[in-house]
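One-letter residues, chain by chain:
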Amino acid sequence: MNETMTQTSPSPAQIEADHWRECLSALVDGELSATEVDGLMAAIERDPQLQAVWARYQTIGPLVVRANAALSPVPAANDPVFWRRWALAASFVAISTVTWGLLEQSAPDSATLAQGQDTVWLSSAAGPMMRDPVLEELLQEHRELGDGGALQVSTGFLRNVTLHTTP
Amino acid sequence: MPHFTPLIPAFGRWRWARWAVVGGWGLLAASAVAGTVDDWLSKTQEATRGRAYTGTLVVSAGEELSVSKVWHVCDRTTQMERVDSLSGPARTTIRRNSEVITFAHDKKIAYTDQRESLGLLPMRWRANGESLDRLYRLREGGVQRVAGHDAKVVELLPHDASRWGYRIWTEAQTGVVIKLQTLDGRGAVLEQVAYTELQLGASVSMQALEQRMKNTDGYVVKPRALKKSTWPPYVRLKPESMLGFSAMSCYQRAETDAPALSARAHCIFSDGLASVSVFVEPIRADAPFTPTQTQRGATQVVTQALGPYWVSAMGEAPPETLQRLSKHLLLQP
């Protein structure tokens, strides 16, 4: 009886691991609070099992690296303390809830990954990605000067700045 | 005794009909108020005013993913935003109304710029003053949960195949845009801009943002090398022939730049929602071009030779629109 109990009762470590896995699911669903995300990111950093779950998302690797490497080195007036971890969280949520759907539409099986100078590129059945430096420059000018119309103030400017890829 | 004659008798089996008519008119009136694209866009723009919020913005364009941290604050006269890139090159961009500065942290360069399209005052969406309802129709969806907020869903769907459609989620109470998808003609998502985390009413100091904007110590300040120019003589300006797109403005490189670059004209067109840039420059023997058609998320790119010019059209519109705009635009010599 006792033996059975021992075998079936999860250890405190397992309970904690399960808890963080649930948090991971909640994160993907966009249901995790800022404080919980902070805790989850700390747990991922110290728990190899959670790291393995994280690593299952193959495409996230390079992008997370990018997100970490690109963090602003300049202290800023409004920087929140937990921001570094939010970068990971944002990448994770974005990859799992946004990009996957889009990748599925564009035949991910045929996708190949390439590492550019500053950007990670994917080429797929959806068509070649632009790497021509002249086109990149023109695209950047389009984003900066193109009239975003009625949505410019609400999302257009933020979208264009976020898409800034040229060095 | 009533002082009027009811249109429908208020008794017997007709009572239900009276209420049906009243209810029907009520529904029609409600849809008329909420149903115009122009009205909805005005409310959306108004929602950014007088508010402060911070959030994590994710742009998914094709297979490329970009993430940034956003701060927004606005009072009656000033709108300020700060965007810190978390993917791609490390950048901090701060905007005060139409004034924009971008700190390139790796290069220690601060690029300064004025963006005409970012004025605080309400603007007319279309250059010719026409309603956007002539190009798009509004379809209201339900309420969904996005980034921890209840959000109303609407779709702005094009009347023709010359432009993309949009599905937009706005926070139910404030009207702040939380998520925006650009849709192709079949309704497939081409691109998505979405907050994964949004804190409305966050404490954002406009004074701190202004100080950061002015603090260029350690950075070389570079004003934009482009200047607004007159329209090149080879450009045809007939809005009615351009699929609902109107000519907005034209830019050229400053003359201090390389002569080859200063010969390039950047003509901008908009239908009120979508934007198309057409770059025109003389074909040069020393700079071979290859005709291209490609895409990045909602942004399409079509480059081609037209007469003696190399024309690169790009924008958030179908490639067929870019093709037709390019060909309509240029007066053949």
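Residues numbered from 1 in each chain as written. Chains lettered and ligands numbered in written order. Predicted model: local features only at pLDDT ≥ 70, side-chain atom pairs only at ≥ 80, totals over all residues. Heavy atoms only, no water.

Observations regarding the overall build of chain A
Here is step 1: Of regular secondary structure, chain A possesses 8 helices and 2 strands.
Here is step 2: Mapped from its N terminus to its C terminus, chain A presents α and β elements in the order α-α-α-α-α-α-β-β-α-α.
Here is step 3: Taken across its 167 residues, chain A has 50% of its residues classed as buried.
Here is step 4: Sequence-distant contacts, at least 24 apart, represent 48% of the contacts inside chain A between residues at least 6 apart.
Here is step 5: Of the roughly 8100 Å² of accessible surface on chain A, 56% is carried by carbon and sulfur atoms. (Helix = DSSP H or I, 4+ residues; strand = E, 2+ residues; numbered from the N terminus. Buried < 20%, exposed > 50% of the residue type's maximum accessible area, 1.4 Å probe, protein only. Contact = heavy atoms within 4.5 Å. Areas by Shrake-Rupley, 256 points an atom, 1.4 Å probe, with all protein chains shown as cover.)

Notes on the layout of surface pockets
Residues and elements named next belong to chain B.
Here is step 1: Looking at the second largest pocket, its volume works out to about 420 Å³.
Here is step 2: Lining the second largest pocket are 23 residues, with Trp40, Lys43, Lys152, Thr170 and Gly175 positioned closest to its centre.
Here is step 3: Of all the secondary-structure elements, those providing two or more residues to the lining of the second largest pocket are α2 (37-46), β7 (136-146), β8 (149-158) and β9 (165-171).
Here is step 4: Looking at side-chain class alone, the lining of the second largest pocket contains 8 nonpolar, 7 polar and 8 charged residues. (1 Å grid on protein atoms, 1.4 Å probe; cavity = no way out; pocket = protein on both sides within 12 Å on 5 of 7 lines; lining within 4 Å. Points joined across faces, edges and corners; volume = space filled by probe spheres on them. Nonpolar A, V, L, I, M, F, W, Y, C, P; charged D, E, K, R; others polar.)

Structural notes on the sheet that holds strand β19 (residues 309-315) of chain B
Residue and element names in this part refer to chain B.
Here is step 1: Strand order in this open sheet of 7 strands is β13-β14-β15-β16-β19-β18-β17, and the pairing throughout is antiparallel. The sheet is open, and its two borders are formed by β13 (226-228) and β17 (292-296), each paired with just one other strand. Between one strand and the next, the sheet's axes are offset by a mean angle of 20 degrees, whatever the strand orientation.
Here is step 2: Pairing geometry for strand β15 (residues 265-270) and strand β16 (residues 275-282), over 6 bridges, is antiparallel. Of the residues in β16, the one forming a bridge with Cys267 is Val278.
Here is step 3: Sheet contacts for helix α5 (residues 319-329): β15, β16, β17, β18 (299-306) and β19; angle to β18, the most-contacted strand, approximately 35 degrees. (Pairing = 2+ DSSP bridges. Axes fitted to C-alpha atoms, helices over the stretch in contact; angles between N-to-C directions.)

Some thoughts on the packing of aromatic side chains
Residue and element names in this part refer to chain B.
Here is step 1: Summed over the entire model, instances satisfying the criterion amount to 2 aromatic pairs over all chains.
Here is step 2: Ring geometry for Phe103 and Tyr219: centres 5.2 Å apart, planes at 75 degrees, overall edge-to-face. Here Phe103, found in strand β5 (residues 99-104), pairs with Tyr219, found in the loop between α3 (206-214) and β12 (220-223); they are 116 residues apart in sequence, far enough to count as distant.
Here is step 3: You can call Tyr219 buried: its relative accessible area is 11%.
Here is step 4: Ring geometry for Tyr136 versus Tyr166: centroids 6.3 Å apart, planes at 50 degrees, classification tilted. (Phe/Tyr/Trp six-rings, centres within 6.5 Å; stacked < 30°, edge-to-face > 60°.)

Digging into helix α8 (residues 152-162) of chain A
Here is step 1: Among the 11 residues of α8 of chain A, 11 are classified as buried, and the element is accordingly described as predominantly covered.
Here is step 2: Within α8 of chain A, burial applies to Gln152, Val153, Ser154, Thr155, Gly156, Phe157, Leu158, Arg159, Asn160, Val161 and Thr162 of chain A.

Regarding the environment of Gly146 of chain A
Here is step 1: Checked against the element boundaries, Gly146 of chain A lands in the loop between α7 (133-145) and α8.
Here is step 2: Note: C-alpha distance between Gly146 of chain A and Gly156 of chain A (10 residues apart in sequence) is 9.8 Å.

A word on the pattern of salt bridges
Where charged atoms from two side chains of opposite charge approach closely, those side chains can pair.
Here is step 1: Summed over all chains, the structure comprises 20 salt bridges over all chains.
Here is step 2: Among the ionic pairs, Arg264 of chain B bridges to Glu137 of chain A, the shortest N-O distance being 4.0 Å. You can see Arg264 of chain B sitting in the loop between α4 (259-262) and β15 and its partner Glu137 of chain A sitting in helix α7, one on each of two chains.
Here is step 3: Between Arg159 of chain A and Glu316 of chain B there is a salt bridge; the shortest N-O distance is 3.5 Å. Placement of Arg159 of chain A in helix α8 and of Glu316 of chain B in the loop between β19 and α5 is noted, with the two residues assigned to different chains. One exposure class covers both Arg159 of chain A and Glu316 of chain B, and it is buried.
Here is step 4: One network of salt bridges, in which partners are shared, links Glu144 of chain A together with Asp113, Arg115 and Arg224 of chain B. (Salt bridge = Lys/Arg side-chain N within 4 Å of Asp/Glu carboxyl O.)

Some points on the side chain of Arg163 of chain B
All names here are of chain B.
Here is step 1: Along the chain, Arg163 falls in the loop between β8 and β9.
Here is step 2: Residue classification places Arg163 among the buried positions, given a relative accessible area of 3%.
Here is step 3: There is a polar contact of 3.1 Å between the side chain of Arg163 and the side chain of Asp160.
Here is step 4: The residues touching Arg163, leaving out its near neighbours within four places in the chain, are Leu135, Tyr136, Pro158, Leu243, Gly244, Phe245, Asp271, Pro318 and Thr321. (Polar contact = N/O pair within 3.5 Å; in protein donor to acceptor, adjacent residues only side chain to side chain.)

Let's talk about the pairing of strand β11 (residues 189-200) of chain B
Residue and element names in this part refer to chain B.
Here is step 1: Most of β11 sits inside the fold, with 10 of its 12 residues counted as buried.
Here is step 2: In the sheet, strand β1 (residues 52-61) pairs with β11 via 9 bridges, with the strands oriented antiparallel. Looking across to β11, one finds that Thr56 is bridged to Glu197.
Here is step 3: Bridge count for strand β10 (residues 177-183) against β11 is 5 bridges, and the pairing is antiparallel.

Concerning the sheet that holds β12 of chain B
Here is step 1: Here 12 strands make up an open sheet; going across it, the order is β7-β8-β9-β10-β11-β1-β2-β3-β4-β5-β6-β12 (chain B) and the pairing mixed. Because the sheet does not close on itself, it has two edges, and the strands there are β7 and β12 of chain B. Strand-to-strand twist of the sheet, defined as the mean angle between neighbouring strand axes without regard to direction, takes the value 15 degrees.
Here is step 2: Along the sheet face, α8 of chain A touches β1, β2 (64-74), β3 (79-85), β4 (91-96), β5, β10 and β11 of chain B and points at about 30 degrees away from the line of β3 of chain B.

Observations regarding the confidence of the model for chain B
Residue and element names in this part refer to chain B.
Here is step 1: Mean pLDDT over chain B works out to 82, with 81% of the residues at or above the 70 mark.
Here is step 2: Confidence drops under pLDDT 50 across residues 1-16; counting only partners more than four residues distant or on other chains, this segment forms 8 contacts.
Here is step 3: Confidence drops under pLDDT 50 across residues 21-33; counting only partners more than four residues distant or on other chains, this segment forms 2 contacts.
Here is step 4: The complex prediction reports pTM at 0.70, with the ipTM value standing at 0.82. (pLDDT = per-residue confidence, 0-100.)

What to know about the state of the cysteines
Here is step 1: The tally for this structure, following the rule as stated, stands at 0 disulfides over all chains.
Here is step 2: No disulfide involves Cys267 of chain B; its nearest neighbouring cysteine sulfur is the one of Cys250 of chain B, lying 3.8 Å away. (Disulfide = S-S within 2.5 Å.)

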